[in-house]
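Residue-level structure breakdown
Take a look at the letters that make up each chain.
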Amino acid sequence: QLKRLKLPTVLREYEKLARQCAAENVDHVRYLTRLIELELLDREARTVERRIRDARFPAVKSLESFDFDAIPGLNKKLVLDLARCAFVARRENVIALGPSGTGKTHVACGIGLAACQRGVKTRFATAAAIVHEMIEAQDEKRLLRLQKTLASYELLIIDELGFVPLSRTGAELLFELISQRYERGATIITSNLPFEEWTATFGEERLTGALLDRLTHHVHILEMNGPSYRLAQSRSRKLPD
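This one's a predicted model, so the numbers in the text were calculated from it and none came from an experiment.

Conventions we followed
- The residue numbers shown here count from 1 along each chain, following its written sequence.
- Predicted model: local features are reported for residues with pLDDT of at least 70 only, side-chain atom pairs are reported and counted for 80 or more only, and whole-chain, interface and lining totals are derived from all residues.
- The basis for every side-chain value is the complete set of heavy atoms in the structure, and neither hydrogens nor water enter the calculation.
- Exposure categories follow from relative accessible area, calculated using a 1.4 Å probe and restricted to protein chains: below 20% of the type maximum is buried, above 50% is exposed, and the middle band is partly exposed.
- Strands here mean DSSP runs of E at least two residues long; helices mean DSSP runs of H or I at least four residues long; both are numbered from the N terminus.
- In this description, the arc belongs to the directions extending from the helix axis to the C-beta atoms.
- Between two residues, a contact is recorded if the distance between any of their heavy atoms is within 4.5 Å.
- Any two strands with at least two DSSP-identified bridges between them are counted as paired.
- To define axes, lines are fitted to C-alpha atoms, for helices over the stretch in contact only, and angles between the resulting N-to-C directions are given on a 0 to 180 degree scale.
- Orientation categories follow fixed angle ranges, with anything under 35 degrees roughly parallel, anything over 145 roughly antiparallel, 65 to 115 roughly perpendicular, and all other angles oblique.
- By convention the crossing between two helices is left-handed if the near helix lies anticlockwise of the far one by an angle smaller than a right angle, and right-handed if it lies clockwise.
- For this scheme, ten residues count as nonpolar: Ala, Val, Leu, Ile, Met, Phe, Trp, Tyr, Cys and Pro. Four count as charged, namely Asp, Glu, Lys and Arg, and the remainder, Gly too, count as polar.
- With a 1 Å grid laid over protein atoms only, a set of points is called a cavity when a 1.4 Å probe fits there but cannot get out and a pocket when it is open yet has protein on both sides within 12 Å along at least five of seven lines; lining residues have an atom within 4 Å of a point.
- Grid points are joined across faces, edges and corners, and a volume is the space filled by probe spheres set on the points.
- Throughout, nonpolar core names a set of buried Ala, Val, Leu, Ile, Met, Phe, Trp, Tyr and Cys residues whose side chains join them through atoms within 4.5 Å.

What follows concerns helix α10 (residues 205-215). Residues Leu207, Thr208, Leu211, Leu212 and Leu215 constitute the buried set of α10. For α10, the angular spread of the buried residues around the axis is 130 degrees, confining them to a single face. Opposite the packed face of α10, turned more than 90 degrees from it, sit the exposed residues Glu205, Arg206 and Asp213. Residues of α10 that are buried in the fold lie against β1 (93-97), α8 (168-181), β4 (186-191), α9 (199-202) and β5 (219-223).

Structural data, given as structure tokens:
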């Protein structure tokens, strides 16, 4: 019956907990309460694990493992505040700017992980990958369905914008996605380019201006300038004890 009701934790724990409660002279109501609490805790943990898996992070990294001292210019208080995810409920954006290797992806993943743990439906993708996915969907006549799915995420993380120039079609599709999400969902973007150089990625000044207008209307900027965070980590690992 417990299997049919899909209560695996109750099935696994009921005998052990019954012996424990009998030894402690706990009544039946408190025994059942403890048993149900265990099921709920395990169910929530499984839901969080599934949410993290569905987000497709390149690696599961928390902000606890990020070395803020390595990037002294980064506003740590703002990052930790963003991890509380109130910006998601307000449908605001976050843009992390800085050269390669300064931990932008780590911070974006850390905020995304915190969002998953708080029940936020999240998706991570590089700019190149998400554009490729949309172009492929367009060729296969399923673009509208994909756009609807991407627009439905409460938090969308677009990593590495600016590493490679986009085709005209790719730039237009990305602009359309950002427009669809404007004031309907929160978006985190990481880029190695300052705003004034984004035209090199999108190939057209008018399109870039319209995109930035939407992204920066409700935005938190993370300035991540400094020496390579990855290089510093690599060197620290090679130091003798």
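Here the narrative resumes, following the displayed structure.
In terms of burial, strand β2 (residues 122-126) is largely enclosed, as four of its five residues are buried. The pairing of β2 with strand β3 (residues 155-161) spans five bridges and is classified as parallel. Opposite Thr122, over in β3, you have Leu155 as the bridge partner.

A pair of packed helices can be characterised by two numbers: the angle between their axes and the separation between those axes. Viewed as axis vectors pointing N to C, helix α7 (residues 143-152) and α8 meet at an angle of 45 degrees, and their least axial separation amounts to 9 Å. Considering the angle they form, α7 stands oblique to α8. Relative to α8, α7 is oriented so that their crossing is right-handed. Contact residues: Leu143, Gln147, Leu150 and Ala151 in α7; Leu173, Glu176, Leu177, Gln180 and Arg181 in α8. Split by residue class, the contact of α7 with α8 holds five nonpolar, two polar and two charged.

Strand pairing within a sheet occurs via backbone hydrogen bonds; the two strands may be parallel or antiparallel. Read from one edge of the open sheet, five strands run β2-β3-β4-β1-β5, paired in parallel fashion. Each edge of the sheet is formed by a strand with only one pairing partner; in this case those strands are β2 and β5. In this sheet, adjacent strand axes meet at a mean angle of 15 degrees when their direction is disregarded. This element, helix α6 (residues 127-139), spans β2 and β3 of the sheet and lies at about 100 degrees to β2.

Right, let's get into the environment of Leu174. Residue position: Leu174 is located in helix α8. We classify Leu174 as buried; its relative accessible area is 2%. Separated by 39 residues in the primary sequence, Leu174 and Ile135 place their C-alpha atoms 10.0 Å from one another.

Let's shift gears to α7. Residues of α7 that are buried include every one of Leu143, Leu146, Gln147 and Leu150, and no others. Seen along its axis, α7 keeps its buried residues to an arc of 100 degrees; they face one direction. Counted as exposed and oriented over 90 degrees from the buried face of α7: Leu144, Arg145 and Lys148. In this fold, the buried residues of α7 make contact with β2, α6 and α8.

If you add up the space inside the second largest pocket, you get close to 200 Å³. What lines the second largest pocket is a set of 14 residues, among which Leu63, Glu64, Leu80, Ala83 and Ala114 lie closest to the centre. Broken down by element, the lining of the second largest pocket gets its largest block of residues, four residues, from helix α5 (residues 104-117). Looking at the lining of the second largest pocket residue by residue, the class counts come to seven nonpolar, three polar and four charged.

Residues Phe57, Leu74, Phe87, Val107, Leu155, Ile188 and Leu222 are the most contacted members of the largest nonpolar core, which totals 35 residues. If you list the elements that add at least two residues to this core, you get α2 (28-55), α3 (76-82), α4 (86-89), β1, α5, β3 and β4. Considering every element that reaches this core, the biggest residue donor is α5, with eight residues. Beyond its immediate chain neighbours, meaning those up to four positions away, Val107 contacts Leu63, Phe66, Leu74, Val79, Leu222 and Met224. With 30 residues, the next largest nonpolar core counts Ile95, Leu166, Leu193 and Leu215 among its residues.

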